[in-house]
Amino acid sequence: MSNQNPGQQQNKNQNQNPGQHQNKSKNQNQNQNQNSNQNQNRNQINQNFCPPENEDFNLKETTPILGGGRVTGNDRLGTAFDLVEQMHYFYIRVVKAKELPLKKDGNSNPHPFVEVQLGNLKGLTLHFEDRSSPDWNQVFVVLKDRIQSRILEVCLKDKSRIGGSDDGLIGRVVFEVNEVPKRVPPDSPLAPQWYWLENRKGEKVKGELMLAVWIGTQADEAFPEALHLDATAVNGDGVANIKSKVYLSPRLWYLRVNVIEAQELQLGNKNRQQPEIYARITLGNVALRTKISLSKNVCPTWNEDLMFVAAEPFEDQLVLSVEDKVAPNKDELLGKCVIPLQDVEKRVDFSTPISKWYSLEKDVSEDGNKKVAKLNSKVHLRLSFDGGYHVLDELTHYSSDLKATSKELWKPSIGVLELGILNAQGLSPMKNRDGRGITDAYCVAKYGQKWIRTRTILNSFSPKWNEQYTWEVFDPCTVITIGVFDNCHLQGADKNGKSKDSKIGKVRIRLSTLETDRVYTHSYPLIVLTPAGVKKMGEIQLAVRFSCSSLLNMLAMYSQPLLPTLHYLHPLTYYQIDNLRHQATQIVATRLSRAEPPLRREVVEYMLDVGSNMWSIRRSKANYVRIAGILTGLIAICKWFNGICTWKNPFATVLVHIIFFQFVCFPRLILSAIFVLLFLIGTWNYRTRPRNPPHMDIKLSQAERVPWDELDEEFDTFPTSRNIDVVRMRYDRLRSIGSRMQAVAGDLANQGERFYNLLSWKDPRATALFLIFCLIASIVLYVTPFKVVVTLMGFYTMRHPRFREKLPSVPLTFFRRLPAKTDSLL
């Protein structure tokens, strides 16, 4: 049996504490006072919940001038960095120096470093101790538009001589900014040259400095590792936190542990007649346990499967312990074993893995010293890594990757996704520095296993990134997520761990809603739901292009199952999926937070929507409104038919009578007419097809006007901190049940919206395929006798189970791939 939800376990432990009941009346008084204070401020706070009436939460189409001469509407194939605006930078590469003069004492070498100064912008290289031929190979860069000086001064200084009136200058090299050459990739990098040093009077001094100075763009290969001169206020470890980086999620596996039996267990109390023995398995921070064995002896049997998530490289070890429940709150350890994951078998199908017997050990004390003693007890296990599954670390509605873990099951890519992160406008101040609000913004995008992070633009409410990234696409029915964050780690490492990067908002784009080889340039609103209500934090401008290598291969994907076949042949339970997803997100967050620079846990959890399946009245209302929106079409048909029956429009009623009589006389026209009608409706809707990808919709999310108590409940802790212990337990239980109801309502809404999207052209390829099917079906049904069609359909529906497959049918798979409005939910 698996461990309880952490929140439920904590709640249980708190309720079992008898000391809490002694403070029951005190807690009631405190809660009453708290509720009264909340009610007094309720009207005042409610005024902040509604967004300003003039706030624009809509998507805006933009026409930026993109690189390579590309503009919006020009769909010719471009070059690298053609989805971003071209920005010109001034590059200074400081390579090395030689033949530097000795110190004034004539016995030791200087402590050299280089100072790059361009007007009021200044940058420093590392300094070396006692070195006459230092080697730096550092690159400095500054945006050309920010240059306010005609002179670039590269000064070589001695750190040991700085002080008093001496600035430690050994020599310098001066450049005219207007004479610096330009470099345009794919030209080779500019070769550095040796320059003689001179003093401030222009006289030649001993020593040479190797430099390269040029003007390039953000496409230059030196750009990612260059130090920006306007970011020299950042020091220490914060320098690494402002650079753009690419991260890869660890490769995740489902680890299946089949606990079969144990033999010759040694009980602490040998006279114990009916021991209650179970097995506890721990991997990292996750611990699961089996049920208590029904065999009340020293040879218990379980034959139970437990599932874990493990990440390559396998750092943790699997620890299995066999325990006896001797009392309600007391368990006795009977033995344990440690199993390295490197020895576990990997399989791509559901073949039975080889079972093994593992010897148990136990810690014993002798003369005050602990040592491990081997026992005669053994445990029988089957261990396997199930590579035929896809390890879900995202909600299936927003998943960016659907491939199986094992690379043997991967299919060739169908296209390329290109994303240009241009700029942001109107960002809100996220923190205070020197008495004024500032924002140090950067973007994170996640698709598949690849995460990207742009450089941090310091102290700007309208940052310009103009960075472009590319991903391979294996399935068009996937979603890319782009988030904007405020960098709070610019002054080195946070020793207390309290500083967290603040979220500014995120955007989700479903690839199947994009036309191939078209450049989408839009400004997306950045919306965040806070305890004070919904708030627009600014806008981000993106350029997106989805290129397809083979249209036939991509259209064939619509007939294939969404997930790998093992998910359908041997499905996991709802509880297992939820528990394994929680494990996967924690592993990804932990691994990426250990990168350099780290992609921090709060960023990863926000991008992966951790906790989005928790109970929320607002989300439940949103799903209810979605279902009601689907039923409006059926209600409209019923009202129309009622109007026909009541002769509100005699001409329409007579026409329906004539059509009905024709269908009675010629029944084979019914199905053909239905498909022709669907074809005509879909073709007619092509004129009003969506021109823009979906975006966050505050009205659809029911975030426009949220009552105070509902918003307070959504941002409440889990377990709740708003009431006494007994009500807390019931409240959390209702929230847990409500989350299931919310998920069911969301799934129903998805199915209905997918049905409507058959003809809406939100997924142009899917709609085109369906319309072609309708046209062919109408012709076939017209030619084929109606009785034959009905007979074949009936026999096919009632076919023998041996002629059925466990995999979903092609129509069902096609239907599940259609988009829904979940992409637009907050």
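Residues numbered from 1 in each chain as written. Predicted model: local features only at pLDDT ≥ 70, side-chain atom pairs only at ≥ 80, totals over all residues. Heavy atoms only, no water.

I tried to follow the sheet that holds strand E24 (residues 441-447) on my own but got confused; where do I start?
Strand pairing in a sheet relies on backbone hydrogen bonds, with the paired strands running either antiparallel or parallel. Strand order in this open sheet of five strands is E11-E25-E24-E27-E28, and the pairing throughout is antiparallel. The strands lining the two open edges of the sheet, one partner per strand, are strand E11 (245-248) and strand E28 (502-510). Averaged over all pairs of adjacent strands, the angle between their axes in this sheet comes to 20°, without regard to strand direction. Pairing of E24 with strand E27 (residues 479-486) involves six bridges; the strand directions are antiparallel. Note that in E27 the partner of Cys443 across the bridge is Val484. (Pairing = 2+ DSSP bridges. Helix = DSSP H or I, 4+ residues; strand = E, 2+ residues; numbered from the N terminus. Axes fitted to C-alpha atoms, helices over the stretch in contact; angles between N-to-C directions.)

Hey, could you run me through the pattern of salt bridges in this one?
Opposite charge on two side chains makes pairing possible when the charged atoms of those side chains draw close. Here the structure, examined in full by the defined rule, presents 35 salt bridges. The shortest N-O distance in the salt bridge between Lys60 and Glu539 comes to 2.9 Å. Residue Lys60 is located in strand E1 (residues 60-61), and its partner Glu539 is located in strand E30 (residues 533-548); the two are separated by 479 residues in the primary sequence. Assessed through its relative accessible area of 32%, Lys60 is described here as partly exposed. Judged by relative accessible area, which is 10%, Glu539 ranks as buried. Lys243 is the salt-bridge partner of Glu225, the closest N and O atoms lying 3.7 Å from each other. Of this pair, Glu225 sits in the loop between strand E9 (204-217) and strand E10 (227-228) while Lys243 sits in the loop between E10 and E11; the two residues are 18 residues apart in sequence, bridging distant segments of the chain. When its relative accessible area of 19% is taken as the criterion, Lys243 is described as buried. Each of Arg256, Asp305, Arg347 and Asp386 takes part in one network of salt bridges that share partners. (Salt bridge = Lys/Arg side-chain N within 4 Å of Asp/Glu carboxyl O. Buried < 20%, exposed > 50% of the residue type's maximum accessible area, 1.4 Å probe, protein only.)

Even after reading the chapter, I still don't get the side chain of Ser523, so can you show me in this structure?
Among the secondary structure elements, Ser523 is positioned in strand E29 (residues 519-530). Among the polar contacts made by the side chain of Ser523, one reaches the side chain of Glu539 at a distance of 3.0 Å. Ser523 has contacts with Asn58, Leu59, Lys60, Thr62, Gln425, Glu539, Ile540 and Gln541, leaving out every residue within four places of it along the chain. (Polar contact = N/O pair within 3.5 Å; in protein donor to acceptor, adjacent residues only side chain to side chain. Contact = heavy atoms within 4.5 Å.)

I tried to follow the packing of aromatic side chains on my own but got confused; where do I start?
The description of an aromatic ring pair uses the distance of the two centres, along with the angle that the planes make with each other. Here the structure, examined in full by the defined rule, presents 16 aromatic pairs. Note on Tyr89 and Phe223: the rings are 4.9 Å apart at their centroids and 55° apart in plane angle, and the pair reads as tilted. With Tyr89 in strand E2 (residues 88-98) and Phe223 in the loop between E9 and E10, this residue pair connects regions lying 134 residues apart in the sequence. The same class applies to Tyr89 and to Phe223, which are both buried. Summarising the aromatic geometry, the rings of Tyr558 and Phe814 are spaced 6.0 Å apart at their centres and angled 50° between planes, so their arrangement reads as tilted. Highlighted residues: Tyr558 in the loop between helix H5 (551-556) and helix H6 (566-569) and Phe814 in helix H16 (residues 810-816), separated in sequence by 256 residues. A residue is classified by how much of its surface remains accessible, and Tyr558, at 1% relative accessible area, is buried. For Phe814, a relative accessible area of 14% translates into the label buried. Every member of this aromatic cluster is reached through a ring pair, and the members are Trp253, Phe314 and Phe385. Above the plane of the ring of Trp194 lies Lys98, whose end atom (NZ or CZ) is 4.4 Å from the centre. (Phe/Tyr/Trp six-rings, centres within 6.5 Å; stacked < 30°, edge-to-face > 60°. Lys NZ or Arg CZ within 6 Å of the ring centre and 35° of its normal.)

Help me understand the environment of Glu261 in this model?
Summarising the element assignment, Glu261 is placed in strand E12 (residues 251-263). Note on Glu261: relative accessible area 22%, which makes it partly exposed. Separated by 42 residues in sequence, Glu261 and Asn303 place their C-alpha atoms 6.7 Å apart. If sequence neighbours within four positions are ignored, Glu261 has contacts with Pro300, Thr301, Trp302, Trp357, Val379 and His380.

Would you mind showing me how to read empty space enclosed by the protein here?
Left-over empty space is what a probe sized like a water molecule reveals as it rolls over the atoms. Evaluated as defined, the whole model comprises four cavities of 30 Å³ or more. Within this model, the largest cavity holds a volume of roughly 210 Å³. Along the walls of the largest cavity sit 17 residues, with Leu252, His390, Val391, Asp401 and Gln449 positioned nearest its centre. Residue composition of the lining of the largest cavity, grouped by class: six nonpolar, five polar and six charged. (1 Å grid on protein atoms, 1.4 Å probe; cavity = no way out; pocket = protein on both sides within 12 Å on 5 of 7 lines; lining within 4 Å. Points joined across faces, edges and corners; volume = space filled by probe spheres on them. Nonpolar A, V, L, I, M, F, W, Y, C, P; charged D, E, K, R; others polar.)

I would appreciate a short explanation of the layout of surface pockets in the present structure.
Volume-wise, the second largest pocket comes out at about 880 Å³. Looking at the second largest pocket, it is lined by 23 residues, and the ones nearest its centre are Phe675, Phe770, Phe773, Ala777 and Pro811. Looking at the lining of the second largest pocket, the elements that each hand over two or more residues are helix H11 (669-685), helix H14 (764-783), helix H15 (786-797) and H16. Considering every element that reaches the lining of the second largest pocket, the biggest residue donor is H14, with seven residues. For the lining of the second largest pocket, the class distribution of residues is 20 nonpolar, three polar and no charged.

In this structure, what is going on with the sheet that holds E30? I would like to understand it.
Spatial ordering of the open sheet is given by E1-E29-E30-E21-E26, a layout of five strands whose pairing is antiparallel. Whereas interior strands pair on both sides, the edge strands pair on one side only; in this sheet they are E1 and strand E26 (464-473).

In this structure, what is going on with unusual backbone geometry? I would like to understand it.
Peptide bonds are, in most cases, trans, and in most cases residues other than glycine have a negative phi. Omega for the bond connecting Glu312 with Pro313 falls within 30 degrees of zero, at -5°, which places this linkage in the cis form. Along the chain, the position of Pro313 falls in the loop between strand E15 (301-312) and strand E16 (317-327). Of note, the bond from Glu596 into Pro597 is cis; its omega dihedral lies within 30 degrees of zero at 0°. Mapped onto the elements, Pro597 comes out in the loop between helix H7 (574-593) and helix H8 (601-607). Look at Glu99: it is not a glycine, yet its phi comes out positive at around 55°.

Please explain the packing of H11 against H14 as it appears in this structure.
When two helices pack together, their arrangement is given by the angle between their axes and by how far apart the axes lie. One way to put it is that H11 packs onto H14 with a least axis distance of 8 Å and a crossing angle of 155°. Comparing their axes, H14 and H11 come out roughly antiparallel. Relative to H14, H11 is oriented so that their crossing is left-handed. In this structure, H11 contributes Leu669, Leu671, Ser672, Phe675, Val676, Leu678, Phe679, Gly682 and Thr683 to the contact, and H14 contributes Phe770, Leu771, Phe773, Cys774, Leu775, Ala777, Ser778, Leu781 and Tyr782. Class assignment of the residues belonging to the contact of H11 with H14 gives a composition of 14 nonpolar, four polar and no charged. (Parallel < 35°, antiparallel > 145°, perpendicular 65-115°, else oblique. Left-handed = near helix turned anticlockwise from the far one by under 90°.)

What is the right way to look at the confidence of the model for the chain in this model?
Low pLDDT means the predicted coordinates in that region are not meant to be read closely. Averaged over all residues, the pLDDT of the chain equals 84, while 88% of them reach at least 70. Ignoring residues within four places in sequence, the model shows residues 1-48, a span with pLDDT below 50, making 47 contacts including any to other chains. When the criterion is pLDDT under 50, residues 69-79 qualifies, and its contacts beyond four places in sequence or with other chains add up to 21 contacts. (pLDDT = per-residue confidence, 0-100.)

For this particular structure, what's the right way to read the packing of helix H9 (residues 617-645) against helix H10 (residues 650-665)?
At a closest axis distance of 8 Å, the pairing of H9 and H10 adopts a crossing angle of 95°. Here H10 runs roughly perpendicular to H9, going by the angle between their axes. Only Ala652, Thr653 and Val656 of H10 make contact with H9, whose side of the interface consists of Trp640, Gly643 and Ile644. Split by residue class, the contact of H9 with H10 holds four nonpolar, two polar and no charged.

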